[in-house]
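Structural description and commentary
Read off the chains here:
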Amino acid sequence: MSSSASTSTISTGSAGVGAKGRLYGVGLGPGDPSLMTLRAVEVIGEADVVAYHSARHGRSIARSIAARHLRADHIEEPLVYPVTTETTDHPGGYQGAMEEFYEASAARLAAHLDAGRTVAVLAEGDPLFYGSYMHMHKRLADRYEAEVIPGVTSVSAAAARLGTPLVEGEEVLTILPGTLPEEELTARLAATDSAVVMKLGRTFPAVRRAMEGSGRLAEARYVERATMEGERTGVLAETDPDTVPYFAVAVVPSRVGNPGSVPSGPGGVCVVGTGPAGPLWLTPETRRALSDAEVLIGYTTYLDRVPARPGQIRHGSDNKVESERAEFALDLARRGKRVAVVSGGDPGVFAMATAVLEVAAQPEYKDVPVRVLPGVTAANAAAAAAGAPLGHDYATISLSDRLKPWEVIEERLRAAAAADLVLALYNPGSRSRNWQVAKARELLLGLRPARTPVVVARDVGGPEQSVRIVTLGTLEPSEVDMRTLLLIGSSQTQVTERPDGSSVTWTPRRYG
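Parameters and conventions
- Residues numbered from 1 in each chain as written.
- Predicted model: local features only at pLDDT ≥ 70, side-chain atom pairs only at ≥ 80, totals over all residues.
- Heavy atoms only, no water.
- Helix = DSSP H or I, 4+ residues; strand = E, 2+ residues; numbered from the N terminus.
- Rg over C-alpha atoms; globule rule 2.2 N^0.38 Å.
- Contact = heavy atoms within 4.5 Å.
- Areas by Shrake-Rupley, 256 points an atom, 1.4 Å probe, with all protein chains shown as cover.
- Salt bridge = Lys/Arg side-chain N within 4 Å of Asp/Glu carboxyl O.
- Buried < 20%, exposed > 50% of the residue type's maximum accessible area, 1.4 Å probe, protein only.
- Pairing = 2+ DSSP bridges.
- Axes fitted to C-alpha atoms, helices over the stretch in contact; angles between N-to-C directions.
- Left-handed = near helix turned anticlockwise from the far one by under 90°.
- Nonpolar A, V, L, I, M, F, W, Y, C, P; charged D, E, K, R; others polar.
- Phe/Tyr/Trp six-rings, centres within 6.5 Å; stacked < 30°, edge-to-face > 60°.

A few words now on the overall build of the protein. Along the protein, the regular secondary structure elements total 14 helices and 23 strands. The C-alpha atoms of the protein give 31 Å as radius of gyration, which overshoots the globular expectation for 512 residues (24 Å, by more than 25%). For the protein, the spread of C-alpha atoms along the three principal axes comes to 95 × 60 × 40 Å. A fraction of 69% describes how many contacts in the protein between residues 6 or more apart in sequence connect residues 24 or more apart. A total accessible area of about 24600 Å² is found for the protein, and carbon and sulfur atoms account for 52% of it.

All right, on to the pattern of salt bridges then. Throughout the structure, instances matching the rule amount to 28 salt bridges. Of the charged contacts, one joins glutamate 145 and arginine 22 as a salt bridge, the two residues approaching to 2.4 Å between their closest N and O atoms. Separated by 123 residues along the polypeptide, glutamate 145 in strand S5 (residues 145–149) and arginine 22 in strand S1 (residues 22–27) bring together distant segments of the chain. With relative accessibility at 25%, the residue arginine 22 sits in the partly exposed group.

This next bit is on the sheet that holds S1. Strands sit in the order S3-S2-S4-S1-S5 across an open sheet of 5 strands; the sheet is parallel. This sheet does not close on itself; its edge strands, each paired only once, are strand S3 (75–80) and S5. Neighbour to neighbour, the strand axes of the sheet diverge by 20° on average, direction disregarded. Looking at chain direction, S1 and S5 are connected through 5 bridges and run parallel. Looking across to S5, one finds that valine 26 is bridged to isoleucine 149. Helix-sheet contacts for helix H1 (residues 38–46) involve S1, strand S4 (119–123) and S5, and the interaxial angle to S1 is about 140°.

It is worth spelling out the packing of helix H13 (residues 406–418) against helix H14 (residues 436–445) at this point. Interhelical geometry of H13 versus H14 gives an angle of 35° and a closest axis separation of 10 Å. The crossing of H13 and H14 is right-handed. In this structure, H13 uses Trp406, Glu410, Leu413, Arg414 and Ala417 to contact H14, whose residues at the interface are Gln436, Lys439, Ala440, Leu443 and Leu444. Residues belonging to the contact of H13 with H14 are distributed by class as follows: 6 nonpolar, 1 polar and 3 charged.

Glancing now at the packing of aromatic side chains. Within the structure shown, the criterion is met by 8 aromatic pairs. With centroids separated by 5.1 Å and ring planes inclined at 55°, the aromatic side chains of phenylalanine 350 and tyrosine 426 adopt a geometry described as tilted. Here the residue phenylalanine 350 occupies a position in the loop between strand S14 (338–343) and helix H11 (352–360), and tyrosine 426 occupies one in strand S18 (residues 422–426), the gap between them amounting to 76 residues. A network of ring pairs unites the aromatic residues Tyr81, Phe101 and Tyr102 as a single cluster.

The sheet contact formed by strand S16 (residues 387–388) and strand S23 (residues 503–506) spans 2 bridges and is parallel. Looking at the pairing, glycine 387 lines up with threonine 505 of S23. Across 4 bridges, the pairing between strand S22 (residues 494–497) and S23 is antiparallel. Bridge pairing in S23 links glutamate 497 to serine 503. Between S22 and S23, which pair antiparallel and follow one another directly, the connecting turn spans 5 residues, one of which, glycine 501, has a positive phi of 95°.

Listed below in structure tokens is the structure:
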């Protein structure tokens, strides 16, 4: 280290007195000095002050990368963390100790900048990618001229060392800190195509469990100190947790053309719910199942909500052939295919789960694995959009008489109304069924007051969403179609006017 590293005395730098200096955040790349950019080398060479972070042992990886470009007359400013992984007795805890450190470090650099010196803050990788420089930038860039010199990140270096693409085509890359809670890691790994998990070390056991829980462990690779001395790569599942340093990453690479990313094992059927609309309603578990499937089967409208993936086969069909779809899916699974049957809403609510399980109960399919993954059902989506009308007991009834007699529907409507339950009415009408809503309204008006709140929810979550609160007496049956869901309030259901002119409806949890 240069003898000029002391900060007790600040002398005039080469930039002279009067003009403020310029701040640089200099990305050094992942570790190999030859991966520094030409601009990074230029800035270091022109700087009056070179600053870098280090732990209390004083060794700085950033300084070691740039060592060959440091001059004897450089003023060096080692910014030594007060705490890294150990505990602290600071009254503000770890966060308080770090905030105090960043403020003090920024003040040290500001003194040089005020004296007219050019300050280069060295940063491994890229300065604004999980780097410490960003804390200086946020505190100083609004007061001084600042420039960030980008660098090669450890993510890019890891992919290069593995020799495999991270993402291809329409795939999505997710970068995660290993310090996230294990359940959060699991969910995010399940929901993405490719991933890199940073900050391993002590977090490695939790990261490994998250990989396993999300079904990604077989794909995951391990890279330690990419491009640096002591570099190591391998299979994540075979890595000894006791040997993993902080400067290591877990990589789930692109699945395109990667045989190791294909789940192994026997075929099976997974019935998945896509929620009431598009991708925003998919759960992480559902996204993983859709990604893992070799074959997608479903009503064409619902299949169109699922992103297309290279190599997947899609079989769309009409919405009136549920049993045929189920049998087709089970036949494919029996031959070893991983099949996802795509259903709207929740597959267990007037949807495909029952159809698949009914066919799967036949002797020829008894050995085919079947899983059902839940989705947001239309009643819950509509209720949330209107307020909380399902806040107490409620009954869910389909008004479709295609699979059960209308007499049964009437009997259930009377029973639910007599029990003073809120009613969620599915499948209220279509072009071929245009009288059921009027009949249901007539029946209910004989059992409930005309002022009873009714939520008319159409295309919830979709581009044509419309959610209105009317009364049972003013409900217009001709305005209800197959894309509409009705929520009929109980004697306790309330409607409240909001200051902005909107209305919300809710059913209290206390029964009164």
